[in-house]
Amino acid sequence: MKRCVVIGKANVGKTLFVIQFAAYLGVRQLEFTFEEPGGGRRTAVYTVEEARRVLSSEEPHQTRCLQSVRLELPAGKGVKRFELVDTSGLMDGIHGDAKVRKAMAQSLAAVRDAHLILHLVDASRAGTHGVLRAVGDVDYQVAQFAQIRDGYVILANKMDLPGAQEGLERIRREFSGHAVIPVSALHSQGFKEVKRFVWRWI
Ligand SMILES: Nc1nc2c(ncn2[C@@H]2O[C@H](COP(=O)(O)OP(=O)(O)OP(=O)(O)O)[C@@H](O)[C@H]2O)c(=O)[nH]1
Ligand SMILES: [Mg+2]
């Protein structure tokens, strides 16, 4: 099954995006498979509401393992199936907690094996704090790695917040040559374009 990996710095909205995008595709009960960096594996089922409450957080580094949902897109008379994989947030430098470091390494390994990469960045932060404080070395590294691949897009998230429009323009300038889709995970905005992109590559 094709794997679509959602990557990005901590707190940019990866988990909320995965939950909301699954809901947008009509899923009401989300069955998540959690893959621990150490190798453990378990599943849990949540409603959309529960998933938002339990899995997404205002605090960075909430996600500490790969967590994936299986989704379907209509294709002619049939469907295309794929796995949407949420990852632990990346950061520049070295985190003090070994668990976070292991989780980050697992995220990067997932990107390496992905068929499709959705790279989230925080457009609002890029507008209010400047692109260099919103986007880190690690984002440039992901974009550079992805340059040699086809199924890669940057999602400029949090477009509902102040400064996001200016942030989007800065992100487009900074990552010229890459496709950038503005989205709001919170309000499920821009999802039609994301769906079209995913459909093309799975
Ligand atoms: N206003 C607004 N808030 C958002 C949006 N997307 C995410 N958030 C908020 O940003 C915070 C972080 O969201 P998460 O989805 O947990 O972020 P994450 O990237 O998974 O974070 P880690 O798991 O720590 O890497 C939460 O408080 C979300 O409600 C958005 O589009 N608009
Ligand atoms: Mg998360």
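Going by the structure above, here's the rest.
Since the structure is predicted, the reported quantities are computational estimates derived from the model, not experimental observations. (Residues numbered from 1 in each chain as written. Chains lettered and ligands numbered in written order. Predicted model: local features only at pLDDT ≥ 70, side-chain atom pairs only at ≥ 80, totals over all residues. Heavy atoms only, no water.)

*Asks:* Before we go on, may I ask you to explain the site of ligand 1 in this structure?
*Replies:* Near ligand 1 you find 23 residues, and of these Lys 14, Thr 15, His 61, Thr 63 and Asp 160 are the closest. Measuring from an oxygen atom of ligand 1, one finds a backbone N or O atom of Val 12 at 3.2 Å. Between Ser 184 and ligand 1, the recorded distance is 3.4 Å, taken from a side-chain N or O atom to an oxygen atom. Alone, ligand 1 offers 650 Å² of accessible surface; in the complex the protein occludes 90% of this. With 3 residues, the single largest contributor to the shell around ligand 1 is helix 1 (residues 14-24). (Near = heavy atom within 4 Å. Polar contact = N/O pair within 3.5 Å; in protein donor to acceptor, adjacent residues only side chain to side chain. Areas by Shrake-Rupley, 256 points an atom, 1.4 Å probe, with all protein chains shown as cover. Helix = DSSP H or I, 4+ residues; strand = E, 2+ residues; numbered from the N terminus.)

*Asks:* How should helix 1 be read in this particular structure?
*Replies:* The α-helix advances 3.6 residues per turn, and as a result positions three or four apart in sequence lie on the same side. For helix 1, a buried count of 10 out of 11 residues is recorded, marking the element as mostly surrounded by other parts of the structure. What helix 1 keeps buried is the set Lys 14, Thr 15, Leu 16, Phe 17, Val 18, Ile 19, Gln 20, Phe 21, Ala 22 and Ala 23. Directly after helix 1, the chain includes Gly 26, whose backbone phi takes a positive value near 100°. (Buried < 20%, exposed > 50% of the residue type's maximum accessible area, 1.4 Å probe, protein only.)

*Asks:* I keep staring at the pattern of salt bridges and nothing clicks. Help me out?
*Replies:* Between side chains of opposite charge, a pair can form when the charged atoms approach closely. Evaluation of the coordinates by the stated rule reveals 10 salt bridges. The salt bridge partner of Lys 158 is Asp 122, with a shortest N-O separation of 3.6 Å. Here the residue Lys 158 occupies a position in the loop between strand 7 (152-157) and helix 7 (164-174), and Asp 122 occupies one in strand 6 (residues 116-122), the gap between them amounting to 36 residues. In this structure Lys 158 comes out as buried when scored by relative accessible area, which is 19%. Notably, a salt bridge pairs Arg 170 with Glu 166, separated by 3.0 Å at the nearest N-O pair. One end of the pair is Arg 170 and the other is Glu 166, both in helix 7 and 4 residues apart, which spans about a single turn. Exposure remark for Glu 166: the relative accessible area of 34% places this residue in the partly exposed category. (Salt bridge = Lys/Arg side-chain N within 4 Å of Asp/Glu carboxyl O.)

*Asks:* Can you help me understand the coordination of the magnesium ion (ligand 2) in this one?
*Replies:* For a metal bound by four donors in tetrahedral geometry, the ideal donor-metal-donor angle is 109.5 degrees, whereas six donors in octahedral geometry ideally sit at 90 or 180 degrees. The protein atoms that coordinate the magnesium ion (ligand 2) are Thr 15 (OG1) and Thr 63 (OG1), at distances spanning 2.0 Å. In this pair, Thr 15 sits in helix 1 while Thr 63 sits in the loop between helix 2 (48-55) and strand 4 (66-75), placing the two residues 48 residues apart along the sequence. Looking at Thr 15, the relative accessible area reads 7%, which means it is buried. (Donors = N, O, S within 2.8 Å, 3.2 Å for Na, K, Ca; no water.)

*Asks:* What exactly am I supposed to notice about the packing of helix 1 against helix 2 here?
*Replies:* Between two packed helices, both the angle of their axes relative to each other and the distance between the axes serve to describe the pair. It is the contact of helix 1 with helix 2, at a shortest axis distance of 10 Å, that shows an interaxial angle of 175°. With respect to their mutual orientation, helix 1 and helix 2 come out roughly antiparallel. Facing helix 1, whose interface residues are Thr 15, Leu 16, Ile 19, Gln 20 and Ala 23, helix 2 presents Val 48, Ala 51, Arg 52 and Leu 55. Looking at side-chain class alone, the contact of helix 1 with helix 2 contains 6 nonpolar, 2 polar and 1 charged residues. (Axes fitted to C-alpha atoms, helices over the stretch in contact; angles between N-to-C directions. Parallel < 35°, antiparallel > 145°, perpendicular 65-115°, else oblique. Contact = heavy atoms within 4.5 Å. Nonpolar A, V, L, I, M, F, W, Y, C, P; charged D, E, K, R; others polar.)

*Asks:* Mind showing me how you'd approach the side chain of Gln 106 here?
*Replies:* As for its position among the elements, Gln 106 is in helix 3 (residues 98-112). Overall, the relative accessible area of 13% leaves Gln 106 in the buried class. Once you skip the residues sitting within four places of it in the chain, Gln 106 turns out to touch Glu 35, Glu 36, Pro 37, Arg 64, Cys 65 and Leu 66.

*Asks:* Would you explain the sheet that holds strand 4 in this entry?
*Replies:* Across a sheet, strands are paired by hydrogen bonds formed along the backbone, either parallel or antiparallel in direction. In spatial order, the strands read 3-2-4-5-1-6-7-8; together these 8 strands make up an open sheet with mixed pairing. Single-partner strands in this sheet number two, and they are strand 3 (41-47) and strand 8 (180-182). Direction aside, neighbouring strands of the sheet carry axes that sit 30° apart on average. The pairing of strand 2 (residues 29-35) with strand 3 spans 7 bridges and is classified as antiparallel. Considered in strand 3, the bridge of Phe 34 is made with Arg 42. Sheet strands in contact with helix 8 (residues 191-201) are strand 1 (2-8), strand 4, strand 5 (78-86), strand 6, strand 7 and strand 8, and its direction is about 155° off that of strand 6. (Pairing = 2+ DSSP bridges.)

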